[in-house]
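Summary of structural features
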Amino acid sequence: MKLQALELRRIKLSLVAPFETSFGVQTERDVLLLKAITDAGVGWGECVAGEEPLYSSEYVDAACDVLLKHLLPRLLDRELEASEVATVLRPVHGHNMAKAAIEMALLDAELRSRGESFGHFFGAVRTQVDCGVSVGIHATVPELLKTVGGYLDQGYRRIKLKIEPGWDIEPVGAMRERIGDAVPLQVDANTAYTLSGADDLAKLDPYDLLLIEQPLPEDQVLAHAKLARLVRTPICLDESITSAQAAADAIELGACRIINIKPGRVGGYLEARRIHDVCAAHKVPVWMGGMLETGVGRAGNVAMAAMPQFTLPGDTSASDRYYHRDITAPFVLKDGRLAVPAGPGLGVTVDEEYVESITHWSGTLGRAGVS
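Residues numbered from 1 in each chain as written. Predicted model: local features only at pLDDT ≥ 70, side-chain atom pairs only at ≥ 80, totals over all residues. Heavy atoms only, no water.

Turning our eyes to something else, we now look at the overall build of the chain. Within the chain one finds 13 helices and 14 strands. Across its three principal directions, the C-alpha atoms of the chain cover 60 × 40 × 35 Å. Counting every position in the chain, which comprises 371 residues, the buried fraction comes to 57%. Considering only residue pairs separated by 6 or more positions, the chain has 72% of its internal contacts joining residues 24 or more positions apart. Accessible surface for the chain amounts to roughly 14,800 Å². Of this, 49% is attributable to carbon and sulfur atoms. On the chain, the mean spot of the 37 positive side-chain charges and the mean spot of the 50 negative ones are 3 Å from each other. (Helix = DSSP H or I, 4+ residues; strand = E, 2+ residues; numbered from the N terminus. Buried < 20%, exposed > 50% of the residue type's maximum accessible area, 1.4 Å probe, protein only. Contact = heavy atoms within 4.5 Å. Areas by Shrake-Rupley, 256 points an atom, 1.4 Å probe, with all protein chains shown as cover. Lys, Arg positive; Asp, Glu negative; His and termini not counted. Charge placed at Lys NZ, Arg CZ, Asp CG, Glu CD.)

In structure tokens:
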């Protein structure tokens, strides 16, 4: 397959409701979409980098820059398969989210050309996946309970609460009292705590949580191993897991008992599959994280979440959890699950007319350069 040109588009999508984490409050997404034009057909990718370098060092302006100047020129007019993208781009350090978007677009084109779905390619064992929902920090506990009540009414099968020091014990206790043992409950700290605060995290143990996600900064893997010996609740790593090697090291150190997989964070779906396989070999459960993706990214995530080791509900929420209107046909929750797309490639069709109407920047890299 030869990459002939690649279109980049940045679109603005407002969120249904503000989403607050320990990083800050988000009210809209500035989404970078990629459309790969190859001699085998067209494929789509989505870059999950945010507007600011808060979740990671990557952000959407930088992703555009590195794509146009350093990544795409290495691939243009070159015969290759999607599986070779990571090797070709290895000389460029970092920028996993930008690299993942390219690989995704080329993999979509490749699979579409041979009529194979993402689910089939990644060995999906389910036609539907259980869905959880991630709930941001609220101003008050009653407001939180009201929001979660709405999600429970919709049928979500797991609740994840964002926490930070000062917003942890009270909301978790209130939520456990509200839902009882009927629905699994977990929390996500997004690196907001320190090892010296282990006693505070241990106070969450009585609430029988599925896991505490990424309580400490991402580079403190050894500190997570120490924390895991001080709390009963399983530690799950997110930001710390950037590759299959990082996953293997964290498991060997005892830094986590569960791993959150985000394809964009680790450089693409193919590296995400390697992480899945490492975890399967060590009998470590995994689940699919979320980065407020549109229907493009959600399609790939739902397909991968149907793999065998994804035994916990992920953040693969329905489209209307985030957007009034998606750029593909919406993913709709049914009995707490989303259907795995069965069509070729990602199995979704991008509404290009709508995308054009919400595009605020675009660029094309081809034989003549950037236009």
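With that settled, the discussion passes to the sheet that holds strand 6 (residues 159-162). Taken together, seven strands build an open sheet; the order of strands is 5-6-7-8-9-10-11 and the sheet is parallel. Two strands in the sheet have a free side with no partner beyond their single neighbour: strand 5 (133-135) and strand 11 (286-288). Inspection of the sheet shows strand 8 (residues 212-213) paired to strand 9 (residues 235-237) by two bridges, in the parallel sense. Its bridge partner being in strand 9, E213 is matched across the sheet by C236. Sitting on the sheet, helix 5 (residues 141-154) is in contact with strand 5 and strand 6, with an inclination near 170 degrees to strand 5. (Pairing = 2+ DSSP bridges. Axes fitted to C-alpha atoms, helices over the stretch in contact; angles between N-to-C directions.)

This brings us to the packing of helix 9 (residues 244-253) against helix 11 (residues 269-281). One can describe the packing of helix 9 onto helix 11 by two numbers: an axis separation of 8 Å at closest approach and a directional angle of 25 degrees. One finds that helix 9 runs roughly parallel with respect to helix 11. Our pair here, helix 9 against helix 11, has a crossing hand that is right-handed. Between helix 9 and helix 11, the residues in contact are A244, A247, A248 and I251 and E271, R274, I275, V278 and C279, respectively. Taken together, the residues of the contact of helix 9 with helix 11 break down into seven nonpolar, no polar and two charged. (Parallel < 35°, antiparallel > 145°, perpendicular 65-115°, else oblique. Left-handed = near helix turned anticlockwise from the far one by under 90°. Nonpolar A, V, L, I, M, F, W, Y, C, P; charged D, E, K, R; others polar.)

This next bit is on the packing of aromatic side chains. Centre distance and the angle of the planes are the two values used to describe a pair of aromatic rings. Per the stated rule, a full pass over the model turns up six aromatic pairs. Ring centres of F118 and F122 lie 5.7 Å apart, and the angle between their planes is 55 degrees; on these two criteria the pair is classed as tilted. Taken as a pair, F118 and F122 share a single burial class, namely buried. Geometrically, the ring pair formed by Y322 and Y323 is tilted, given 6.3 Å between the ring centres and 50 degrees between the ring planes. Note on accessibility: Y322 and Y323 belong to one class, buried. An aromatic cluster of at least three residues, connected via ring pairs, comprises F118, F121, F122 and Y269. (Phe/Tyr/Trp six-rings, centres within 6.5 Å; stacked < 30°, edge-to-face > 60°.)

The contact between helix 11 and helix 12 (residues 295-304) brings their axes to 12 Å, and the two run at 25 degrees. It follows that helix 11 is roughly parallel to helix 12 by the angle criterion. Taken as a pair, helix 11 and helix 12 cross one another with a handedness that is right-handed. Contact residues: helix 11 offers Y269, A272 and R273, while helix 12 offers G297, G300, N301 and M304. Considered class by class, the residues forming the contact of helix 11 with helix 12 number three nonpolar, three polar and one charged.

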